[in-house]
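# A closer look at the structure
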Amino acid sequence: MTSRLNRLAVALLATTLATLGITVANPSPASAAMTICYNTSQAGNYAGTANQAASIWNNATVNLTLSANCGSNLRIYQITGGGSYAVRTSLGNGRVYIDTQQAAQYSPLRIMTHEIGHILGLPDNYNGNCALLMSGGSAGTSCTNPYPSSAEANRVSNLFAGTFSATDRSADIFRDSWPSALTSVS
C-alpha cells in the first residue's frame, strides 16, 4: 500500500510541476502514467519486429509501457508499396504501416522503432545522423540503429509525464521518413 501511495504522490507532484510550467527531467519509473496496448494481428511478418521495438521503447523510457495485444491504442499493419508511415491520432494512439518493399531495403527494426516514435510524440529529424532514430531513412540503408538517443527517449518520457503542451501531443500523419526503393540516398 505504501508503494502505491508513493507512486501516486510522485505522479501528483510531476503533474503539479508540469501545470506550473516546470519540466521534470526523467521522472522516476514509479510515476508510470500510461500503458499503450499495441495490436499486431495485421502486422504479418513484422509482429516479432513490433515486439522488439516495443521492448526498445520500454527500456529507453519511463512514464509508459508498450504491451502486446491487450487492446488497440496502436495498431500495426504490414503493407506492400506506398512507404512506411505512422498516423498519430493522439499521444500514444494511432497506426503504423510497415512497407515490405522498404523493409527489404532498410532495417525493419529501425523502421518499426522510428514509426512507433511518431506515435509516442516524436517528429522526423532528417539530418542523416544514424545515432538519431528519428533521422529515419536520411541516415541511409547501411544505418541499422533501432535505438532512440537519450534526448529522444527523454522527450518521450517527458511527454508522457505531461510536461509538454497539447500541440506536442496532437494528431498528425508522418510520411516520407524513408526514401522509396527507387530513390537513392547520398
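Residues numbered from 1 in each chain as written. Predicted model: local features only at pLDDT ≥ 70, side-chain atom pairs only at ≥ 80, totals over all residues. Heavy atoms only, no water.

Along the polypeptide, Ile-98 turns up in strand β5 (residues 93–99). Dropping the residues within four chain positions of it, Ile-98 is found in contact with Tyr-46, Tyr-77, Gln-78, Ile-79, Ser-84, Ala-103, Ile-111, Met-112 and Glu-115. (Helix = DSSP H or I, 4+ residues; strand = E, 2+ residues; numbered from the N terminus. Contact = heavy atoms within 4.5 Å.)

In this section: the packing of aromatic side chains. Overall, the coordinates contain two aromatic pairs when judged by the stated rule. Geometrically, the ring pair formed by Tyr-77 and Tyr-97 is stacked, given 5.1 Å between the ring centres and 15° between the ring planes. Here Tyr-77, found in strand β3 (residues 74–79), pairs with Tyr-97, found in strand β5; they are 20 residues apart in sequence, far enough to count as distant. Among the residues examined, Tyr-77 registers a relative accessible area of 22% and is labelled partly exposed. (Phe/Tyr/Trp six-rings, centres within 6.5 Å; stacked < 30°, edge-to-face > 60°. Buried < 20%, exposed > 50% of the residue type's maximum accessible area, 1.4 Å probe, protein only.)

Further remarks concern the nonpolar core. Soluble globular proteins tend to bury their nonpolar side chains together. Among the nonpolar cores identified, the biggest contains 31 residues, and Leu-66, Leu-74, Ile-76, Val-96, Met-112, Ile-116 and Leu-120 are the most heavily contacted of them. Sorting the residues of this core by element identifies β1 (34–42), α2 (47–60), β2 (64–68), β3, β5, α4 (108–119) and α5 (150–160) as the ones contributing at least two each. With residues up to four places along the chain from it excluded, the contact list for Leu-120 reads Ile-36, Trp-57, Leu-64, Leu-66, Leu-91, Val-156, Leu-159 and Phe-160. (Core = buried A, V, L, I, M, F, W, Y, C linked by side-chain atoms within 4.5 Å.)

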